[in-house]
Amino acid sequence: MTQYEYDLFVIGAGSGGVRAARLAARAGAKVAIAEDAEVGGTCVIRGCVPKKLLVHGAEFAGHLRDAAGFGWTIEPPKFSWPTLRDNVQAEVHRLSGLYLKNLSAAGAELIAERARVIDPHGVQLASGRNVTAKRILVATGGHTYRPKDLKGQELAITSTDAFLLEQLPKSILIVGGGYIALEFATVFCGLGVETTIVYRGEKVLRGFDREVRAHVQMEMTAHGISILNNTNLAEISEAANGQRIVKLDNGQEMRVDQVLLAVGREPNTAGLGLEDVGVKLTPRGAVMVDQYSRSSVSSISAVGDVTDRLNLTPVAIREAVAFVETEFLGRPTAFDHADVASAVFCKPTVGVVGLTEAQAREKGRVRIYRTLFRPMRNILANNPQRTLMKLVVDAESDAVVGVHIAGAEAAELIQLAAVAVKAKLTKAQWDATCAVHPTVAEELVLMGEPVAHDNEAPA
């Protein structure tokens, strides 16, 4: 019987890799995990966590404006970007330290080096050392994408760079219309930066429900963000004063202090040696895996963004848990990627779970429930922002198959709505639930009459 140095060798210490390493070690396996950067991965170091903290920081500008309607007189406030930036980074480092502590407590060995696969059971470290493992788990995540054919792209920053800016720009052009673009637009605009989004599509948030897309674009525009749709960035050059001269494909030219590219992410598989040992990759470079996260090489598995299935941190963690259940605890487990809730921390915040109206109509007859209202808090504040809520119901089973919220607290509300959708609760069961008054959430159980049904277009 072949003897290996480790039962499991994990490449990448992000949320998925760390969870798998910890659980496998606690199950009695001898585990090593390699990482050549700060432990914590994209989410903790350069993604969800620091971004959400920046969003919170930017929200205070709106809170201060709203305060007057509730009787508060506030001296002209001052904002310090270095204070927010450095406090966010301090929290990032604290969380990274906790990841390290938890790995150590579980008995997993951290190797602070880059690693690459050299055979189905072999890994080579940057130092030149070769190690063997019964199983190898690739959890290297993804990286921000830079369009190589864009002239002057080196003059732009990505979301990774945005967290560490020396100073806040006075103006910024953000390229893209997805999660990252909208969230950073919300941050920069909230902190007083003149913000413009350039997006090639007709409406932002491609893939979301069409009414949510329209509502978010309208509200963000009202919030002070300029959105240029059906437009592409053609070229970036540098002016004598350091500003960026931006040329768009519609002939328009702009001068801004900073350009941020938020045009997608790619799996981190380059240089890992995976194809050399027979691991199949998708055209985008993601590791192809089955329902149990196993690659085409039986001893090599992959979880998280490097598989390009559903690129969300909680999904990577659940995939890691399922991997350990399957490979080390003898309980074959496949994570169900259906009905996973997600949130976009823009203004308004978006929370969604399940099918869009268009997706549901492709499957059969539907009923659509919708409400659009101004929350109580916004009335005294004279804040015009409205909240959109929408339920998509299967007409045959009466099951609520989609919930879409765009407004304050949408991310918090969608978590519990996801429980109901995952459990396949019916609209009748939603209606039988007594409302909590006065709340925004009560509107979810008070939508009595459909605005559209069967396969009719909505009103």
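Residues numbered from 1 in each chain as written. Predicted model: local features only at pLDDT ≥ 70, side-chain atom pairs only at ≥ 80, totals over all residues. Heavy atoms only, no water.

Re the side chain of Arg85
For step 1, the next point in the chain: With respect to the helices and strands, Arg85 occurs in helix H4 (residues 81-106).
For step 2, the next point in the chain: Setting aside chain neighbours within four positions, we find Arg85 in contact with Phe163, Leu164, Leu165 and Glu166. (Helix = DSSP H or I, 4+ residues; strand = E, 2+ residues; numbered from the N terminus. Contact = heavy atoms within 4.5 Å.)

A short note on the sheet that holds strand S15 (residues 258-261)
For step 1, the next point in the chain: Spatially, S8-S15-S9-S10-S11 is the arrangement adopted by the 5 strands of the open sheet, whose pairing is parallel. Strand pairing shows two members of the sheet lacking a second neighbour, strand S8 (157-158) and strand S11 (226-228), which therefore form its edges. (Pairing = 2+ DSSP bridges.)

Let's talk about the pattern of salt bridges
For step 1, the next point in the chain: For the structure shown, the criterion picks out 22 salt bridges.
For step 2, the next point in the chain: The partner of Arg129 in a salt bridge is Glu5, and the shortest N-O contact between them spans 4.0 Å. In this pair, Arg129 sits in the loop between strand S5 (122-125) and strand S6 (130-138) while Glu5 sits in the segment before strand S1 (6-11), placing the two residues 124 residues apart along the sequence.
For step 3, the next point in the chain: Among the salt bridges present, the one from Arg284 reaches Asp308, with a minimum N-O distance of 2.8 Å. (Salt bridge = Lys/Arg side-chain N within 4 Å of Asp/Glu carboxyl O.)

Some words on unusual backbone geometry
For step 1, the next point in the chain: Geometrically, the link from Lys347 to Pro348 is a cis peptide bond, its omega value of 10° lying close to zero.
For step 2, the next point in the chain: Mapped onto the elements of the fold, Pro348 is located in the loop between strand S18 (342-344) and strand S19 (350-354).
For step 3, the next point in the chain: That bond from His437 to Pro438 is cis: its omega, -10°, falls within 30 degrees of zero.
For step 4, the next point in the chain: Turning to its location among the elements, Pro438 is positioned in the loop between helix H12 (427-431) and strand S23 (452-454).
For step 5, the next point in the chain: Residues other than glycine seldom take positive phi values, yet Asp339 does so here, at roughly 55°.
For step 6, the next point in the chain: Within the element layout of this structure, Asp339 appears in the loop between helix H8 (313-328) and S18.
For step 7, the next point in the chain: Exposure remark for Asp339: the relative accessible area of 24% places this residue in the partly exposed category.
For step 8, the next point in the chain: Although it is not a glycine, Lys424 sits at a positive phi angle of roughly 60°.
For step 9, the next point in the chain: Overall, the relative accessible area of 58% leaves Lys424 in the exposed class. (Buried < 20%, exposed > 50% of the residue type's maximum accessible area, 1.4 Å probe, protein only.)

Quick word on the packing of helix H3 (residues 48-67) against helix H6 (residues 179-190)
Axis angle and axis distance: for two packed helices, these are the angle between their axes and the distance between the axes, and together they describe the pair.
For step 1, the next point in the chain: Relative to each other, H3 and H6 sit at 40°, their axes nearing to 8 Å. Considering their axes alone, H3 and H6 lie oblique with respect to each other. Handedness of the H3/H6 crossing: left-handed. Along its contact with H3, which presents Lys51, Leu54, Val55, Ala58 and Ala61, the element H6 presents Glu183, Phe184, Thr186, Val187 and Gly190. (Axes fitted to C-alpha atoms, helices over the stretch in contact; angles between N-to-C directions. Parallel < 35°, antiparallel > 145°, perpendicular 65-115°, else oblique. Left-handed = near helix turned anticlockwise from the far one by under 90°.)

Structural notes on H4
For step 1, the next point in the chain: Taking 1.5 Å as the rise per residue, H4 with 26 residues should run 38 Å; its terminal C-alpha atoms sit 38 Å apart, in good agreement.
For step 2, the next point in the chain: Lining the buried residues of H4 we find helix H1 (15-26), strand S2 (31-34), helix H2 (41-46), H3 and helix H5 (159-162). (Expected span 1.5 Å × (residues − 1).)

Observations concerning the nonpolar core
For step 1, the next point in the chain: With 69 residues, the main nonpolar core has Ile174, Val216 and Val350 as its most contacted residues.
For step 2, the next point in the chain: Counting residues per element, this core draws most heavily on H4, which supplies 8 residues.
For step 3, the next point in the chain: Once residues lying within four places of it in the same chain are set aside, the contact partners of Ile174 are Ala181, Phe184, Ala185, Phe188, Thr195, Thr196, Ile197, Val198, Leu260 and Ala262.
For step 4, the next point in the chain: If you look at the next biggest cluster of nonpolar residues, it comprises 24 residues, including Ala32, Ile111, Leu274 and Val306. (Core = buried A, V, L, I, M, F, W, Y, C linked by side-chain atoms within 4.5 Å.)

So, the sheet that holds strand S14 (residues 253-256)
For step 1, the next point in the chain: Judged by pairing direction, the sheet is antiparallel, and its 3 strands sit side by side in the order S12-S13-S14 without closing on themselves. Because the sheet does not close on itself, it has two edges, and the strands there are strand S12 (233-238) and S14. Looking at each pair of strands side by side, their axes are set apart by 25° on average, direction ignored.
For step 2, the next point in the chain: Examined bridge by bridge, strand S13 (residues 244-248) and S14 share 4 bridges and lie antiparallel to one another. What sits directly across from Lys247, in S14, is Glu253.

Here's the deal with the pairing of S19
For step 1, the next point in the chain: Where burial is concerned, most of S19 is hidden: 4 out of the 5 residues are buried.
For step 2, the next point in the chain: Following S18, the chain reverses through 5 residues before pairing antiparallel with S19.
For step 3, the next point in the chain: Inspection of the sheet shows S19 paired to strand S22 (residues 400-406) by 5 bridges, in the antiparallel sense. Bridge pairing in S22 links Val350 to Ala406.

Quick word on the pairing of strand S10 (residues 194-198)
The side chains of a regular strand alternate, residue by residue, between the two faces of the sheet.
For step 1, the next point in the chain: The buried fraction of S10 is high, at 4 of 5 residues.
For step 2, the next point in the chain: As paired strands, strand S9 (residues 171-175) and S10 are joined by 5 bridges and run parallel to one another. Each residue of the ladder has a partner; that of Ile172, found in S10, is Thr195.
For step 3, the next point in the chain: For the crossover that starts at S9, traverses H6 and ends in the parallel S10, the hand is right-handed.
For step 4, the next point in the chain: The pairing of S10 with S11 spans 3 bridges and is parallel. Bridged to Ile197 within S11 is Ile227. (Right-handed = clockwise from strand over helix to strand, strands pointing away.)

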